[in-house]
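What follows is the residue order along each chain.
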Amino acid sequence: MVLMLSMASCSKEEAVVTEEVNYSIDLNLANETDWAMADEILKLVNTHRESMGLNRIHRDQTYASAYAVDHTQYMIDQSEISHDNFEVRSSALKDQGAVVVGENVAYGYDTAEKVVNAWLNSSGHRATIEGHYTHSGFGIVKNAQGQYYFTQLFYKK
């Protein structure tokens, strides 16, 4: 889905994965996200969720964010947004106790408000934001040209 020139976003939600594997990731990757932007996005997401009578989402600054940054770096390397290998991220979080996992991705937005508004104006993204999740991790990284790429992982414990 393309929104306003080079800005785009996409969502993915999955409830069932059958493969059992031990997943590992460098948790230091989580430090590479733009936490100021992530905090703004989380605040806007939670404001929307509260307006719908839904529980607040809590920030996961470890596994979910490490996997989100890893995927964001992958999208930057590919120069496109995608949900490639979502099953790996989903399974890894389930290995850490998640019951269900969802994901929104985007690129080209320069503010938290713009990316959250784009997600809320898309039924698939809105459904992910309004899903029965308890936690969220963030991979928000700029490419060499200074454009943001976003991965927001949602999960329920």
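Residues numbered from 1 in each chain as written. Predicted model: local features only at pLDDT ≥ 70, side-chain atom pairs only at ≥ 80, totals over all residues. Heavy atoms only, no water.

**Overview of the packing of aromatic side chains**
Quick note on the threshold: Each Phe, Tyr or Trp ring (for Trp, its six-membered ring) is paired with any other whose centre lies within 6.5 Å, and the angle between the two planes then decides the class: stacked below 30 degrees, edge-to-face above 60, tilted in between. Each helix corresponds to a stretch of at least 4 residues labelled H or I by DSSP, and each strand to a stretch of at least 2 residues labelled E; elements are numbered beginning at the N terminus. Here's how the labels work: a residue is buried when its accessible area is under 20% of the maximum for its type, exposed when over 50%, partly exposed in between, all with a 1.4 Å probe on protein chains only.
Going through the model one piece at a time under the given rule, you end up with 5 aromatic pairs. Geometrically, the ring pair formed by Trp 119 and Phe 150 is edge-to-face, given 6.4 Å between the ring centres and 80 degrees between the ring planes. Of the two residues, Trp 119 is situated in helix α4 (residues 112-120) and Phe 150 in strand β6 (residues 148-156); the sequence distance between them amounts to 31 residues. The class for Trp 119 is buried, based on a relative accessible area of 1%. With 5.5 Å between their ring centres and 40 degrees between their planes, Tyr 133 and Phe 154 make a pair best called tilted. Of this pair, Tyr 133 sits in the loop between α5 (123-129) and β5 (135-142) while Phe 154 sits in strand β6, placing them 21 residues apart in sequence. Given the relative accessible area of 0%, Phe 154 is considered buried.

**Structural notes on the packing of helix α1 (residues 35-51) against α4**
Operational definition: Between N-to-C directions, angles span 0 to 180 degrees; the directions come from axes that are lines fitted to C-alpha atoms, helices contributing only their stretch in contact. Note on angle classes: values under 35 degrees are labelled roughly parallel, values over 145 roughly antiparallel, values of 65 to 115 roughly perpendicular, and the remainder oblique. Rotating anticlockwise by less than a right angle from the far helix to the near helix defines a left-handed crossing, while the corresponding clockwise rotation defines a right-handed one. Here a residue-residue contact requires only that any non-hydrogen atoms of the pair lie within 4.5 Å. Amino acid classes used here: Ala, Val, Leu, Ile, Met, Phe, Trp, Tyr, Cys and Pro are nonpolar; Asp, Glu, Lys and Arg are charged; the rest, including Gly, are polar.
Across the interface, α1 lies against α4 with an axial gap of 9 Å and an inter-helix angle of 40 degrees. With respect to each other, α1 and α4 are oriented oblique. As for the relative orientation of α1 and α4, their crossing is right-handed in sense. Here α1 contributes Met 37, Glu 40, Ile 41, Leu 44, Val 45 and His 48 to the contact with α4, which in turn contributes Ala 112, Glu 113, Val 115, Val 116, Trp 119 and Leu 120. For the contact of α1 with α4, the per-class residue count stands at 9 nonpolar, 1 polar and 2 charged.

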